[in-house]
Amino acid sequence: MIIAGNWKMFEGPDPGPLAERLEAFDEIDAIVCPPYTELAACVDAGLTTFAQNVHWEREGAYTGEISAPMLVALGVHGALVGHSERRQYFGETDSAVARRAHAALAAGLGVIACVGETLEERDSGDARMVISLQVAAIREETGAPDRLVLAYEPVWAIGTGRTATPELAQEMHAFIKSLLDRPVLYGGSVKPENAAELLVQPDVDGALVGGASLEIDSFVAICEAAARSRS
Ligand code: PGA
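Here's a quick rundown of the structure. (Residues numbered from 1 in each chain as written. Predicted model: local features only at pLDDT ≥ 70, side-chain atom pairs only at ≥ 80, totals over all residues. Heavy atoms only, no water.)

**Observations concerning the site of the ligand**
Around the ligand lies a shell of 14 residues, among which Lys8, His83, Glu153, Gly159 and Ser189 are the nearest. His83 places a side-chain nitrogen or oxygen 2.6 Å from an oxygen atom of the ligand. Glu153 places a side-chain nitrogen or oxygen 2.7 Å from an oxygen atom of the ligand. Alone, the ligand offers 280 Å² of accessible surface; in the complex the protein occludes 95% of this. Within the shell around the ligand, the residues separate by chemical class into five nonpolar, seven polar and two charged. (Near = heavy atom within 4 Å. Polar contact = N/O pair within 3.5 Å; in protein donor to acceptor, adjacent residues only side chain to side chain. Areas by Shrake-Rupley, 256 points an atom, 1.4 Å probe, with all protein chains shown as cover. Nonpolar A, V, L, I, M, F, W, Y, C, P; charged D, E, K, R; others polar.)

Structure (structure tokens):
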């Protein structure tokens with residue numbers, strides 16, 4: 001069971017105290033995804049640390065980007081790719097996301113690759129088609145390597161307080177696994193109050209947590225729910 005905290009462009013919790021609290025969870029793989037400026041501090045604190053994005057080239061004239069070998073040199077363990085905020089605000093295409101995933105995996109990093117439909121896509125009945133295309137791009141570029149994890153994040157549930165029902169999450173996770181047989185995390189307004197009912201679903205293999213990862217207590221409470229869900 002993986003619980004990953006995506007701090008986005010926020011100041012997250014102090015890495016040292018967070019690492020101490022997370023030591024209690026042997027059976028949970030807890031991951032933090034801080035802004036780039038906090039990566040080294042998180043690595044130094046002993047946290048499993050993922051960047052929020054990674055470029056597909058090893059080096060080059062790509063102002064503002066960071067490559068996979070640069071993350072490896074910093075001791076970082078992996079990277080998110082394809083977060084819906086990257087897709088929505090920065091124009092990331094399925095193919096760019098897949099190339100980023102491939103480069104990170106090739107450099108030895110772990111990857112959490114995010115997929116998910118918008119509200120319009122769900123309402124028009126296109127959710128499965130959109131997700132099929134997103135997953136197919138990742139599968140074609142990377143295969144299904146061990147270090148690849150997927151995250152299902154319905155865009156309408158991110159930062160909105162509106163969570164997918166546990167039944168819908170389960171249905172979509174099973175569908176995603178039928179396309180690519182890797183663990184699938186659920187993301188979108190996961191909180192201590194709703195974590196247990198989501199994480200108990202058989203095909204929900206963990207959570208990608210945004211807002212509720214910014215406070216140590218709420219992130220730890222979600223890890224506790226994860227530990228209980230498989231006990
Ligand atoms: P949220 O964000 O938990 O604040 O909805 C999740 C995410 O964007 O990864």
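**A short note on helix α7 (residues 127-142)**
An α-helical turn contains 3.6 residues, so a residue and the one three or four places further along point in the same direction. The end-to-end C-alpha distance of α7, which contains 16 residues, comes to 23 Å, matching closely the 22 Å that a straight helix rising 1.5 Å per residue would cover. Considered for burial, the residues of α7 that qualify are Ala127, Val130, Ile131, Gln134, Val135, Ala136, Ala137, Ile138 and Thr142. Residues of α7 that are buried sit in contact with α4 (84-89), α5 (94-106), β5 (110-115), α6 (119-123), β6 (148-152) and α8 (166-179). (Helix = DSSP H or I, 4+ residues; strand = E, 2+ residues; numbered from the N terminus. Expected span 1.5 Å × (residues − 1). Buried < 20%, exposed > 50% of the residue type's maximum accessible area, 1.4 Å probe, protein only. Contact = heavy atoms within 4.5 Å.)

**Points about unusual backbone geometry**
One non-glycine residue with positive phi stands out, namely Lys8, at about 50°. Along the chain, Lys8 turns up in the loop between β1 (2-6) and α1 (15-22). With a relative accessible area of 17%, Lys8 lands in the buried category. The backbone of Ser189 sits at a positive phi, close to 55°, despite the residue not being glycine. By the secondary structure assignment, Ser189 is in the loop between β7 (184-187) and α9 (192-199). Note on Ser189: relative accessible area 14%, which makes it buried.

**Here we look at the pattern of salt bridges**
Enumeration according to the criterion identifies ten salt bridges in this entry. Residues Lys177 and Asp205 are paired through a salt bridge, measuring 2.7 Å at the closest nitrogen-oxygen approach. With Lys177 in helix α8 and Asp205 in the loop between α9 and β8 (206-209), this pair connects stretches of sequence that are 28 residues apart. When salt bridges with common partners are traced through the structure, they connect Glu65, Arg86, Glu92 and Arg100 into a single cluster. (Salt bridge = Lys/Arg side-chain N within 4 Å of Asp/Glu carboxyl O.)

**Some thoughts on the sheet that holds β1**
Strands belonging to one sheet form pairs held by backbone hydrogen bonds; the direction of such a pair is parallel or antiparallel. Around the barrel, eight strands lie side by side as β1-β2-β3-β4-β5-β6-β7-β8; this closed barrel has parallel pairing. Direction aside, the axes of adjacent strands within the sheet are offset by 25° on average. Where α7 meets the sheet, its contacts fall on β5 and β6, and the angle it forms with β5 comes to roughly 155°. (Pairing = 2+ DSSP bridges. Axes fitted to C-alpha atoms, helices over the stretch in contact; angles between N-to-C directions.)

**Concerning the pairing of strand β3 (residues 48-51)**
Sheet faces and side chains relate simply in a regular strand, where the side chains alternate between the two faces. With two bridges joining them, strand β2 (residues 29-33) and β3 adopt parallel strand pairing. The residue bridging Ile31 from the neighbouring strand is Thr48, located in β3. Note on the crossover from β2 through helix α2 (residues 39-44) to β3: the handedness is right-handed. Bridge count for β3 against strand β4 (residues 78-81) is two bridges, and the pairing is parallel. Bridge pairing links Phe50 to Gly78 in β4. (Right-handed = clockwise from strand over helix to strand, strands pointing away.)

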